[in-house]
Amino acid sequence: AEDEVTLFEKDMKEFWIQFKISYGTEQNNQTSALRDLCKETIEALSGKWSKKLKEEDLMIDKIQEYNNEILQQSKYIAEKEEQLTEIKLKLNQEEEQQNNLTDSIQELKEELKKKMETKSSKNKAAKEKVEQVSKITTLFKENLGLEMRRIHDEQLQFIFRHIDHKDPDKPYICTLSINEQGDYEVTSCTPPLDCIAELQLKLRETNNFSAFVANIRKAFTALSYK
């Protein structure tokens, strides 16, 4: 009986040993399989996430590229808007200069028109005075021995004769013109008369041409007796 107990104990030990060996091997196999599965899963997830990260990196790069393009376009548009503003300002300045030039031209036209009207009026007055003188030329020549000539620069030259009783043909000459103001002006007198300035002033005040010629003759006659 003691041997059977010992044998039983021996068999039990072998059983437990075999059981442990068998159980441990199965556990090890399961652990290894689980580990391989985890490894494969991790590798698959890593590949998937790696691909996804790469795609996201590409997307980020693309977005950055788009942002850069938008920035460049915005900068380009800003430059063009600035150029357009400068062009508009320049056009406005040129338009203002054109308006000023047009106003200046109009002012010059009006000023020229006034000057032409003034000149025309003066020319008309001068023509009337010349005609007045011409009308009495014949009368003076016949009665006073006066010859009247129109010489250069629209001047009138009066040649008096029959003044010097010693030399009736001796000429006494007075030259008269009409200045820019439309007034009579004595430009020369031969021989000179001391009273010529006074006679000229009186002619301007009275516009009595006949009296002026008569006074000139009187002054020449008085001079001839000196």
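Residues numbered from 1 in each chain as written. Predicted model: local features only at pLDDT ≥ 70, side-chain atom pairs only at ≥ 80, totals over all residues. Heavy atoms only, no water.

### With respect to the overall build of the protein
Phase 1: In terms of helices and strands, the protein carries 4 helices and 4 strands.
Phase 2: Its helices and strands in sequence order give the protein the pattern α-α-β-β-β-β-α-α, from N to C terminus.
Phase 3: Counting over 226 residues, the protein shows a buried share of 18%. (Helix = DSSP H or I, 4+ residues; strand = E, 2+ residues; numbered from the N terminus. Buried < 20%, exposed > 50% of the residue type's maximum accessible area, 1.4 Å probe, protein only.)

### Re the packing of aromatic side chains
Phase 1: By the definition in use, this model includes 5 aromatic pairs.
Phase 2: Relative to phenylalanine 209, the ring of tyrosine 184 has its centre 5.7 Å away and its plane inclined at 35°; by these criteria the two rings are tilted. Residue tyrosine 184 is found in strand S4 (residues 184-190), and its partner phenylalanine 209 is found in helix H4 (residues 209-224); the two are separated by 25 residues along the sequence.
Phase 3: Put simply, the rings of Phe158, Tyr184, Phe209 and Phe212 touch in pairs and so form one group of aromatic residues. (Phe/Tyr/Trp six-rings, centres within 6.5 Å; stacked < 30°, edge-to-face > 60°.)

### Some thoughts on the sheet that holds S4
Phase 1: In space, the 4 strands of this open sheet follow the order S1-S2-S3-S4, with antiparallel pairing throughout. If you trace the sheet from one side to the other, it starts and ends with strand S1 (146-151) and S4, each paired once. Pairs of neighbouring strands in the sheet enclose a mean axial angle of 20°, with direction left out of account.
Phase 2: By the bridge criterion, 6 bridges tie S1 to strand S2 (residues 155-160) in an arrangement that is antiparallel. Bridged to arginine 150 within S2 is leucine 156.
Phase 3: Lying on the sheet, H4 is in contact with S1, S2, strand S3 (172-178) and S4; it crosses S3 at an angle near 150°. (Pairing = 2+ DSSP bridges. Axes fitted to C-alpha atoms, helices over the stretch in contact; angles between N-to-C directions. Contact = heavy atoms within 4.5 Å.)

### Here's the deal with the packing of helix H3 (residues 196-206) against H4
The description of two helices packed together rests on the angle between their axes and the distance between the axes.
Phase 1: At a minimum axis separation of 9 Å, H3 and H4 run at an interaxial angle of 165°. As summarised for this structure, H3 and H4 are arranged roughly antiparallel, according to the angle between their axes. Judged by the sense of rotation from one axis to the other, the crossing of H3 with H4 is right-handed. Here Ile196, Leu199, Gln200 and Leu203 of H3 lie close against H4, whose contacting residues are Phe209, Phe212, Asn215 and Ile216. (Parallel < 35°, antiparallel > 145°, perpendicular 65-115°, else oblique. Left-handed = near helix turned anticlockwise from the far one by under 90°.)

### Some thoughts on H3
Phase 1: Regarding H3, the residues found buried are Ile196, Leu199, Gln200 and Leu203. Viewed along the axis of H3, the buried residues span an arc of 100°, placing them on a single side of the element. Summarising the geometry of H3, the exposed residues directed more than 90 degrees from the buried face are Ala197, Glu198 and Glu205. (Arc of directions from axis to C-beta.)

### Concerning the pattern of salt bridges
Phase 1: The tally for this structure, following the rule as stated, stands at 2 salt bridges.
Phase 2: Here lysine 115 makes a salt bridge to glutamate 111, at a shortest N to O gap of 3.6 Å. In this pair, lysine 115 and glutamate 111 are both assigned in helix H1 (residues 2-135), 4 residues apart and thus about one turn of the helix distant.
Phase 3: Note on lysine 115: relative accessible area 51%, which makes it exposed. (Salt bridge = Lys/Arg side-chain N within 4 Å of Asp/Glu carboxyl O.)

### Things to note about the pairing of S4
Successive residues of a regular strand alternate their side chains across the two faces of the sheet.
Phase 1: In this sheet, S4 lies alongside S3 in antiparallel orientation, the contact comprising 6 bridges. Residue pairing across strands places isoleucine 173 opposite threonine 190, the latter belonging to S4.
Phase 2: Hairpin connection between S3 and S4: a loop of 5 residues separates the two successive antiparallel strands, and glycine 182 in this loop has a positive phi of roughly 85°.

### Focus on the side chain of asparagine 179
Phase 1: You can see asparagine 179 is positioned in the loop between S3 and S4.
Phase 2: Engagement of the side chain of asparagine 179 in a polar contact is seen with the backbone nitrogen of aspartate 183, the distance being 2.9 Å.
Phase 3: The contacts of asparagine 179, once residues within four sequence positions are left out, are Glu185 and Arg204. (Polar contact = N/O pair within 3.5 Å; in protein donor to acceptor, adjacent residues only side chain to side chain.)

### So, a nonpolar patch on the surface
Phase 1: Together, Met12, Phe15 and Trp16 line one region of the surface with nonpolar side chains, adding up to about 310 Å² of accessible area.
Phase 2: Checked against the element boundaries, methionine 12 lands in helix H1.
Phase 3: Residue methionine 12 is classed as partly exposed on the basis of its relative accessible area of 32%. (Patch = residues over 30% accessible without salt bridge, like charges linked within 9 Å, V, L, I, M, F, W, Y side chains within 5 Å. Areas by Shrake-Rupley, 256 points an atom, 1.4 Å probe, with all protein chains shown as cover.)

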